[in-house]
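Residue-level structural notes
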Amino acid sequence: MIADEASLAEVIAAFAAGSGPVAVDAERASGYRYGQRAYLVQLRRQGAGTALVDPVACPDLSALGEALSGVEWVLHAATQDLPCLREIGMVPTRLFDTELAGRLAGFPRVGLGAMVEGVLGFVLEKGHSAVDWSTRPLPEPWLRYAALDVELLVDLRDALEKELDRQGKLEWARQEFDAIASAPPPEPRKDPWRRTSGMHKVRRRRQLGVVRELWQTRDRIAQRRDVSPGKVLSDAAIVEAALSLPANVHALAALNGFGHRMGRRQLEQWQAAVDRAKALTEAQLPQPGQPVAGPPPPRAWADKDPAAAARLSAARSAVSALAEQLNMPQENLVAPDAVRRVCWEPPAPLDGESIASALTGYGARPWQVEQVTPALVAALSA
């Protein structure tokens, strides 16, 4: 494993001198550590072999990223790895996503193991995907497993490129890959505490205030201790406390998730968070629901606008039939959100040009616009 600057410099030189695409993968410690940082980066390129780089010991890999600028990076499920690679200075200018290629080509199972087995006929070693990659030193079997993740990635890419070409979808895939490579980093989530699992049970504003206060307290502790927030306090416990509004530490300790294994000091810090929420004025309490940009949830359409609900039903049927015909998942043919927006506020006049323009405005790629526009015009006109 590459864990010092001298070894890293050798790897950079070797990979810069290599040929063809570079296979790239990253391992995170989701469920163990706070955040989504990379704890191992695997690379493989013809002429350079395989390298396993430790981004804990070498936290700035921008020189490696620059050495591979202009080279096509091959990743599996690229959008999962790109944020943590960006953090350490590795940003591709061109990429090929083997998972997305599998979706567009109509493969029923697109996990890396299933794709390698189905396309190349090799069985990848299983069993270490969910381990704590922040462990040091990393055990030899884990490193072997990690190296295998990039061993066949370029071969898989080549086979999938041929299959996409055969199906007439290669240009579509290239547009998708370009869109991923050029996408800006996502905006930070507004009110991330609202994504607490089980939030649908929490109705009253005072209870929402308790969820927010407990979530934010948990997040500060998790960040300070560098552990996954779920290891500090479960979402279920947060919701339980919000629904119960415990009056004191004794009442809190009786709730699920705050039981006998929790020490007095911990219980007091959680109760203090509950008490802070209880002390908030009405004006300080969070509003129920999030202000939603765009159309309301589809389940509300029938009541709010029956005509829009009918348009959405017709559009979904048309998109579903087209996706089946093209042998790919509907969400890869066109983003469901784009279809909803077009159906909620159809452009006028309702024709191919206005629908195509609306879809483009909602982020659809040229190939998607070309395929979906006729189906939507027919569905919405009917």
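We now turn to the structure provided with this report. Everything numeric in this text was worked out from a predicted model, so none of it was measured.

1. Examining the overall build of the protein
Tallying secondary structure elements over the protein gives 19 helices and 5 strands in all. Along the first, second and third principal axes, the C-alpha set of the protein runs to 65 × 65 × 35 Å. Counting only residues that meet the buried cut, the protein has 45% of its 382 residues in that class. Contacts in the protein between residues at least 24 apart in sequence constitute 64% of all its contacts with a sequence separation of at least 6. Counting every atom, the protein has about 19,300 Å² of accessible surface; 51% of that belongs to carbon and sulfur.

2. Section: the environment of Ala17
Position of Ala17 relative to the elements: it lies in helix H1 (residues 5–17). As a C-alpha pair, Ala17 and Leu285 span 268 residues in sequence and 59 Å in three-dimensional space.

3. A few points about the pairing of strand E5 (residues 94–97)
Two elements, strand E4 (residues 72–75) and E5, share 4 bridges in a ladder whose sense is parallel. What sits directly across from Leu75, in E5, is Asp97. Between E4 and its parallel partner E5, the chain crosses via helix H3 (residues 78–87), and the hand of that crossover is right-handed.

4. Details of a negative patch on the surface
A surface patch of like charges, here negative, comprises Asp4, Glu5, Glu10, Asp60 and Glu66. With respect to the helices and strands, the residue Glu66 is situated in helix H2 (residues 62–67).

5. Side note on the packing of aromatic side chains
The relative placement of two aromatic rings is captured by the distance of their centres and the angle of their planes. Under the definition given, this model contains 5 aromatic pairs. Taken together, a centroid distance of 4.7 Å and an interplanar angle of 50° make the contact between Phe96 and Phe177 tilted. Of this pair, Phe96 sits in strand E5 while Phe177 sits in helix H8 (residues 170–182), and the two are 81 residues apart along the sequence. With relative accessibility at 2%, the residue Phe96 sits in the buried group. Residue Phe177 is classed as buried on the basis of its relative accessible area, which comes to 3%. Residues Trp133 and Tyr145 carry aromatic rings whose centres are separated by 6.3 Å and whose planes lie at 25° to one another, so their mutual orientation is stacked. Note that Trp133 is positioned in the loop between helix H5 (112–120) and helix H6 (140–151) and Tyr145 in helix H6, a separation of 12 residues in sequence. Here a set of aromatic residues connected by ring pairs shows up, and it is made of Trp133, Trp142 and Tyr145. Seen from the ring of Tyr39, Arg37 lies directly overhead, with NZ or CZ sitting 4.8 Å from the centre.

Thresholds, definitions, all that
Residues numbered from 1 in each chain as written. Predicted model: local features only at pLDDT ≥ 70, side-chain atom pairs only at ≥ 80, totals over all residues. Heavy atoms only, no water. Helix = DSSP H or I, 4+ residues; strand = E, 2+ residues; numbered from the N terminus. Buried < 20%, exposed > 50% of the residue type's maximum accessible area, 1.4 Å probe, protein only. Contact = heavy atoms within 4.5 Å. Areas by Shrake-Rupley, 256 points an atom, 1.4 Å probe, with all protein chains shown as cover. Pairing = 2+ DSSP bridges. Right-handed = clockwise from strand over helix to strand, strands pointing away. Patch = residues over 30% accessible without salt bridge, like charges linked within 9 Å, V, L, I, M, F, W, Y side chains within 5 Å. Salt bridge = Lys/Arg side-chain N within 4 Å of Asp/Glu carboxyl O. Lys, Arg positive; Asp, Glu negative; His and termini not counted. Charge placed at Lys NZ, Arg CZ, Asp CG, Glu CD. Phe/Tyr/Trp six-rings, centres within 6.5 Å; stacked < 30°, edge-to-face > 60°. Lys NZ or Arg CZ within 6 Å of the ring centre and 35° of its normal.

Honestly, that's just the spatial picture; any functional story needs more than this.
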